[in-house]
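So the chains spell out like this:
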Amino acid sequence: AVVSTQSTGGARRELEKWNITIEEETLRVEARQLNQERLIFGPQCDISIQMNEKGEFSLEAPPILPKNIDNWIVIFVRRDERKIRDFVQTMVELGKRLRVKIGAPAILPIPNDRTESYIEMIDKYLTEDVQMVVTVVPSERDDRYSAIKQLCYQRHPVAQQVIRTATLSQPSTLKAKCVSLACQMINKLGGALWTVNIPLRNAMVVGIDAYHDPSSRGFNSAIALVASLDRAYSQFYSDSRTEVKGMESSEQLHQLMTTALRHYTVRNGCLPERIIVFRDGLSEGQFSLVKQFEVRQFEKACIAMEGDYVPEIIVLVVQKRIRTRLFHSERVSSSYSLLSKKSLQPGHNLLLDETLSFPSKMDDSLVVGFNLI
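A. Fine view of the sheet that holds strand 7 (residues 159-164). With respect to topology, four strands assemble into an open sheet ordered 5-4-6-7, the strand pairing being parallel. Strands at the two margins of the open sheet, each flanked by one partner only, are strand 5 (106-110) and strand 7. With direction set aside, neighbouring strand axes in the sheet form an average angle of 20°. Pairing geometry for strand 6 (residues 132-137) and strand 7, over six bridges, is parallel. The residue of strand 7 that forms the bridge with Val 137 is Arg 164. Contacts between helix 3 (residues 81-97) and the sheet are confined to strand 4 (72-77), strand 5, strand 6 and strand 7, with strand 4 contributing the most and set at about 155° to the helix.

B. Expanded view of the pattern of salt bridges. Under the counting rule described, the total for this entry stands at eleven salt bridges. With a closest N to O distance of 3.7 Å, Arg 164 and Glu 140 form a salt bridge. Of the two residues, Arg 164 sits in strand 7 while Glu 140 sits in the loop between strand 6 and helix 5 (142-155), which places them 24 residues apart along the sequence. Given a relative accessible area of 38%, Arg 164 falls into the partly exposed group. Residue classification places Glu 140 among the exposed positions, given a relative accessible area of 64%.

C. Here's a closer look at the packing of helix 4 (residues 115-125) against helix 5. Remark: helix 4 packs on helix 5, axes separated minimally by 9 Å, with the N-to-C direction vectors making an angle of 20°. Judged by the angle between their axes, helix 4 and helix 5 are roughly parallel. The element helix 4 and its partner helix 5 pack so that their crossing is right-handed. Touching Thr 115, Tyr 118, Ile 119, Ile 122 and Asp 123 of helix 4 are Asp 143, Arg 144, Ala 147, Ile 148, Leu 151, Cys 152 and Arg 155, all from helix 5. For the contact of helix 4 with helix 5, a count of residues per class yields seven nonpolar, one polar and four charged.

D. Inspection of helix 3 at higher detail. Between its first and last C-alpha, helix 3 extends 25 Å over 17 residues, near the 24 Å set by a 1.5 Å rise per residue. Listed in full, the buried residues belonging to helix 3 are Ile 84, Phe 87, Val 88, Thr 90, Met 91, Leu 94 and Gly 95. One side of helix 3 holds all its buried residues, which, seen down the axis, span an arc of 165°. Facing away from the buried surface of helix 3 by more than 90 degrees, the exposed residues are Arg 82 and Lys 96. Residues of helix 3 that are buried in the fold lie against strand 4, strand 5, strand 6, strand 7 and helix 6 (171-188). Directly after helix 3, the chain includes Arg 99, whose backbone phi takes a positive value near 60°.

Thresholds applied
- Residues numbered from 1 in each chain as written.
- Predicted model: local features only at pLDDT ≥ 70, side-chain atom pairs only at ≥ 80, totals over all residues.
- Heavy atoms only, no water.
- Pairing = 2+ DSSP bridges.
- Helix = DSSP H or I, 4+ residues; strand = E, 2+ residues; numbered from the N terminus.
- Axes fitted to C-alpha atoms, helices over the stretch in contact; angles between N-to-C directions.
- Contact = heavy atoms within 4.5 Å.
- Salt bridge = Lys/Arg side-chain N within 4 Å of Asp/Glu carboxyl O.
- Buried < 20%, exposed > 50% of the residue type's maximum accessible area, 1.4 Å probe, protein only.
- Parallel < 35°, antiparallel > 145°, perpendicular 65-115°, else oblique.
- Left-handed = near helix turned anticlockwise from the far one by under 90°.
- Nonpolar A, V, L, I, M, F, W, Y, C, P; charged D, E, K, R; others polar.
- Expected span 1.5 Å × (residues − 1).
- Arc of directions from axis to C-beta.

Dropping the structure here:
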């Protein structure tokens, strides 16, 4: 694009009019390659994972906190029954390798893929004993997806998994897909798959984000908080509040943090010595709100605790919408440049904390897969 701009007379003259020049070479910076983490699974299972270029990896090891799937139902369109039975058989066999009991589900076919058919079947067979509702849908439809989620999360609270029929259609990839689905289902039932060795002791990691629906008028926004409760950072407390539309920082933040601290105390018998907050959903112009307002809300929550409780509070603002694009210099100058854009991206686990960062803000960028966060 730079070469094209420089060689186009009209574009070059327009740039000269504004006294603007474009460098022909991209800026070269150095990044640090972080060490590969070892994942800790179930008892006596410590694995060094192998990631591909995208930072993806597959696993088939016992979870650190297993959850049996004893009572679950599968709802699907009747014409897909053979695929569903293959899926169920694969899931049951997979449970043995994961050291998790996955029982045979109730297989419930419906005549068509109308939203009402799914809802009626769930209403009919959902009892207090059902742990998980799995719905297999032939296509993506927002109205059907929303209706199923609303039924299972609001009217009849139960863990729920939506699967597209195409996901189960290829026998060669069925096992790998089932591993991913089983992991999701175990997590949704309160289990934990793995952890890493984190040296922090008696610390609570908190994530906070806000949601605004741009299509709604006159409705409130929502702010949510999740907080770790255990040493492995695999069990979490979560809560949310509604707030005035358009407000990013909520007066209710101290209530959310207060409740999280109390849950941590119940689980561990003590308050955390350190609170690490990852704050998402802010533009750069709103950073001052965190320091001037939100930190005070966290401090107010600590004051509400018993005794003279003054923990260390660390707040990190996370941004994912960054226009900076990073490329691997060796790949740009080689035959990789003839391939897709993804082949030019740097590998995973790269930390960039110089040149493009702001020293005054303790700023850095972490490349995980192809995402810059």
